[in-house]
Amino acid sequence: MQQGSSTRGIARRDFLRGLSAVLAALLLFGTIAPASAQSLSERRLRNGSSVREAFRSVVAEPSKATVRVLADKKPVALGLVVAADGLVLTKASELDGDLTCELRGNKSYDAEIVAVHPDTDLALLKIDARDLPVLAWRPEGDPPVGGWLATPGLEDLPISVGVVSVGRREIKRQPGVLGVTIADEDDGATITRIFSNSGAERAGLKVGDIVVSVDDTMIANSAALTGLIRAQFPGQTLKVTIRRGEKSEQVRVTLGDAMDAFFERGSLQNRMGGDLSTRRYGFPVALQHDTYLKPSECGGPVVDLAGRVVGINIARAGRTESFAIPTSEILPLIEEFKAGKYAVKKDPIPPDAVLGPPPERDPASK
């Protein structure tokens, strides 16, 4: 009897050791960037199909209320249905262009922005739909550090899985940058250099352009422009009025991250395993988890093992860093949205409007 008990004890110990080794390997594979792990079988990675298969039942219900958001027919974010009559919550800073929401089952609806909460980078969309499925929210408390999470998409398997790595905390803001150097001009700030891959370059700004105003705020000199831009978030899109020669034009510029001015964005992020969200800083509170997500896979729900929403994925911030706004912050915000708070004013000026002669300036402001 003693020998049998000893044998069973050894077998059980060996089994637990083996299980621990499997879990350790699983965690290790999950922290390897896909770009540096191509020699490994895709099925062995944490976001591989064999691992995600284990979470099929976890996302069965959440996937029915998960939405894919497209801007000008390009996928830019995920979202989640928060009211059966067509209210959808998603990531605000990715919404630029004609918006469409795709639901499971190939249903597609035009969408419009109803409200935006800048601090959390969340936006409320409205689609013309009824009787939509809605998600179950985790009733109270954040998931524990080390707790498993799954990010549902529109398919049977989750997009990716991970674990909570850091409990709720503030994510400090970083200043936005245009991606230019400037010098003073009598009636504005003159662009003297444009950095590669910057918002200024993508917007078509050129050396010699004079920045006259930003979001209807007149720019007297380079210091005024610098102060205004640094007060904004990376990922924000601003209306910039420039003078080029004898004409004034208004363009939309999406601000970048300060780090973009010092590193070649493409090569840096390839080493980190992929693109990062443009707006990935400046959240009053967020959970950090190590789920691998693309920026276009943020904005949707992240759920616990019971399939309950613990937060909204708001940004991919690093190779093994994704941020989520916790449920406790989202639920009161939804009620404020429904009450009409943070409503968006419609912009009557088209993005590429040519405004004619430069605006008159007050001589005292020069």
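Structure: above.
Since this is a predicted model, take the numbers as computed values, not measurements. (Residues numbered from 1 in each chain as written. Predicted model: local features only at pLDDT ≥ 70, side-chain atom pairs only at ≥ 80, totals over all residues. Heavy atoms only, no water.)

1. A few points about the pattern of salt bridges
Link 1 in the chain: Under the criterion given, the structure shown has 15 salt bridges.
Link 2 in the chain: The closest approach of N and O atoms between Glu53 and Arg56, which form a salt bridge, is 2.8 Å.
Link 3 in the chain: Relative accessible area serves as the criterion here: at 36%, Glu53 is assigned to the partly exposed category.
Link 4 in the chain: Residue Arg56 is classed as partly exposed on the basis of its relative accessible area of 34%.
Link 5 in the chain: Arg104 is the salt-bridge partner of Asp156, the closest N and O atoms lying 2.2 Å from each other. Note that Asp156 is positioned in the loop between strand E7 (148-151) and strand E8 (160-171) and Arg104 in the loop between strand E4 (99-103) and strand E5 (107-117), a separation of 52 residues in sequence. (Salt bridge = Lys/Arg side-chain N within 4 Å of Asp/Glu carboxyl O. Buried < 20%, exposed > 50% of the residue type's maximum accessible area, 1.4 Å probe, protein only. Helix = DSSP H or I, 4+ residues; strand = E, 2+ residues; numbered from the N terminus.)

2. Overview of a negative patch on the surface
Link 1 in the chain: On the surface, Asp72, Asp96, Asp98 and Asp110 cluster together into a patch of negative charge.
Link 2 in the chain: Checked against the element boundaries, Asp98 lands in the loop between strand E3 (87-91) and E4.
Link 3 in the chain: By relative accessible area, which is 61% here, Asp98 ends up exposed. (Patch = residues over 30% accessible without salt bridge, like charges linked within 9 Å, V, L, I, M, F, W, Y side chains within 5 Å. Areas by Shrake-Rupley, 256 points an atom, 1.4 Å probe, with all protein chains shown as cover. Lys, Arg positive; Asp, Glu negative; His and termini not counted. Charge placed at Lys NZ, Arg CZ, Asp CG, Glu CD.)

3. Some thoughts on the packing of aromatic side chains
Link 1 in the chain: In total, this model carries two aromatic pairs according to the counting rule given.
Link 2 in the chain: Note on Phe55 and Trp148: the rings are 5.8 Å apart at their centroids and 50 degrees apart in plane angle, and the pair reads as tilted. Note that Phe55 is positioned in the loop between helix H2 (49-53) and strand E1 (66-71) and Trp148 in strand E7, a separation of 93 residues in sequence.
Link 3 in the chain: Given a relative accessible area of 9%, Phe55 falls into the buried group.
Link 4 in the chain: Arranged with centres 6.1 Å apart and planes meeting at 85 degrees, the rings of Phe337 and Tyr342 form a pair that is edge-to-face.
Link 5 in the chain: For the cation-ring pair, Arg173 lies above Phe233, with the distance from its terminal atom to the ring centre recorded as 4.8 Å.
Link 6 in the chain: Sitting over the ring of Phe233, Arg279 keeps its end group 3.9 Å from the ring centre. (Phe/Tyr/Trp six-rings, centres within 6.5 Å; stacked < 30°, edge-to-face > 60°. Lys NZ or Arg CZ within 6 Å of the ring centre and 35° of its normal.)

4. Quick notes on the sheet that holds E1
Across a sheet, strands are paired by hydrogen bonds formed along the backbone, either parallel or antiparallel in direction.
Link 1 in the chain: The sheet built from six strands closes into a barrel, its strands ordered E1-E2-E3-E6-E5-E4 with antiparallel pairing. Strand-to-strand, the axes of this sheet are offset by a mean angle of 40 degrees, without reference to chain direction.
Link 2 in the chain: Bridging between E4 and E5 involves five bridges; their strand directions are antiparallel. Across the sheet, residue Cys101 finds its bridge partner in E5, namely Tyr109. (Pairing = 2+ DSSP bridges. Axes fitted to C-alpha atoms, helices over the stretch in contact; angles between N-to-C directions.)

5. Describing the environment of Leu228
Link 1 in the chain: Along the chain, Leu228 falls in helix H4 (residues 222-230).
Link 2 in the chain: Exposure remark for Leu228: the relative accessible area of 17% places this residue in the buried category.
Link 3 in the chain: Sequence spacing of Leu228 and Thr217 is 11 residues, and the spatial spacing of their C-alpha atoms is 8.9 Å.
Link 4 in the chain: Here Leu228 is in contact with Val214, Thr217 and Ile219, once residues within four sequence places are set aside. (Contact = heavy atoms within 4.5 Å.)

6. Details of the side chain of Thr327
Link 1 in the chain: Tracing the chain through its elements places Thr327 in helix H6 (residues 327-338).
Link 2 in the chain: From its side chain, Thr327 meets the backbone nitrogen of Gly311 in a polar contact 3.4 Å long. (Polar contact = N/O pair within 3.5 Å; in protein donor to acceptor, adjacent residues only side chain to side chain.)

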